[in-house]
Amino acid sequence: MLCIWLAAAPALTIPRVSLGAAAAVVPAVGAAGVFFVKRRRATNERQAAEVREHLLSLTPVSSDTVSVDETGTIKGRGLYARAALEPNTYLFDFTGELLEEEAYRARYPEGVDADYVVCVGKQKGSERYIDAADEGASGVARFMNHARQQPNCVCFTMEEPPRAMLYTIEPVEVGDELVWDYGEGYWRDRPTQAELQE
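The rules behind each value
- Residues numbered from 1 in each chain as written.
- Predicted model: local features only at pLDDT ≥ 70, side-chain atom pairs only at ≥ 80, totals over all residues.
- Heavy atoms only, no water.
- Pairing = 2+ DSSP bridges.
- Helix = DSSP H or I, 4+ residues; strand = E, 2+ residues; numbered from the N terminus.
- Axes fitted to C-alpha atoms, helices over the stretch in contact; angles between N-to-C directions.
- Phe/Tyr/Trp six-rings, centres within 6.5 Å; stacked < 30°, edge-to-face > 60°.
- Buried < 20%, exposed > 50% of the residue type's maximum accessible area, 1.4 Å probe, protein only.
- Lys NZ or Arg CZ within 6 Å of the ring centre and 35° of its normal.
- Contact = heavy atoms within 4.5 Å.
- Polar contact = N/O pair within 3.5 Å; in protein donor to acceptor, adjacent residues only side chain to side chain.

Draft legend 1. Geometry of the sheet that holds strand β6 (residues 126-131). Ordered in space as β4-β6-β5, the 3 strands form an open sheet in which the pairing is antiparallel. The open sheet is flanked by β4 (97-100) and β5 (117-123), the only strands paired with a single partner. The mean angle between the axes of side-by-side strands here comes to 25 degrees, regardless of whether they run parallel or antiparallel. Direction of pairing for β5 relative to β6: antiparallel, over a ladder of 6 bridges. By the bridge assignment, G121 is partnered in β6 with R128.

Rendered as structure tokens:
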């Protein structure tokens, strides 16, 4: 449970830093928000290593906890809970082929939809992506549909090692579809698909 672990970890304190220009970027969120904006510049390697070690030790839910079924809507197939899930439950990673930015741009030039891709951050100034377009080489997370109004899951990304991790954020009952908000960037390139945006 990522959220509980982070909140309870005594070593994970917000450092005293000069807010500088970052304060102007996120004035409403205060020092805590600025810390997360500046997280890539954090100098405390021990704390980063502790978080990374915890994230790498997470165990996904068992495969019989979810199933892929038809949604009965324009969305096609979706991922459904076969067991009740508590909020903050780590489900699994969004898995697929890791692409560097150059390979991503070659595969998905402007005008070509990257429907099963999650950006996992930058490495040496270049964005990296997980591409789950190949159903046989990716996991069940690729079947999770979008829900802007009432998502019951959230996706957290980690740059190193590159990961996209899915968690529940609401109680999930048996039969509920597991959905997350893809974000504005996903829909910006798909203005004609408004009916899918909910």
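Draft legend 2. Representation of the packing of aromatic side chains within the structure. Overall, the coordinates contain 5 aromatic pairs when judged by the stated rule. Here Y104 and Y129 contribute two aromatic rings whose centre-to-centre distance is 3.9 Å and whose plane-to-plane angle is 10 degrees, an arrangement assigned as stacked. One end of the pair, Y104, is in helix α5 (residues 101-107); the other, Y129, is in strand β6, with 25 residues separating them in the sequence. Classification of Y129 as buried rests on a relative accessible area of 5%. Positioned over the ring face of Y116 is R142, at 4.0 Å from the centre of the ring. The lysine or arginine in question, R142, covers the ring of F143, its NZ or CZ lying 5.0 Å from the ring centre.

Draft legend 3. Looking closely at the environment of Y90. Residue placement: Y90 occurs in strand β3 (residues 90-93). Note on Y90: relative accessible area 8%, which makes it buried. Considered as a pair, Y90 and T168 are 78 residues apart in the sequence and their alpha carbons are 6.8 Å apart. Aside from chain neighbours lying at most four places away, what touches Y90 is L58, T59, P60, V61, R163, M165, L166 and Y167. Among the polar contacts made by the side chain of Y90, one reaches the side chain of D93 at a distance of 2.5 Å.

Any link to function would need more than the numbers given here.
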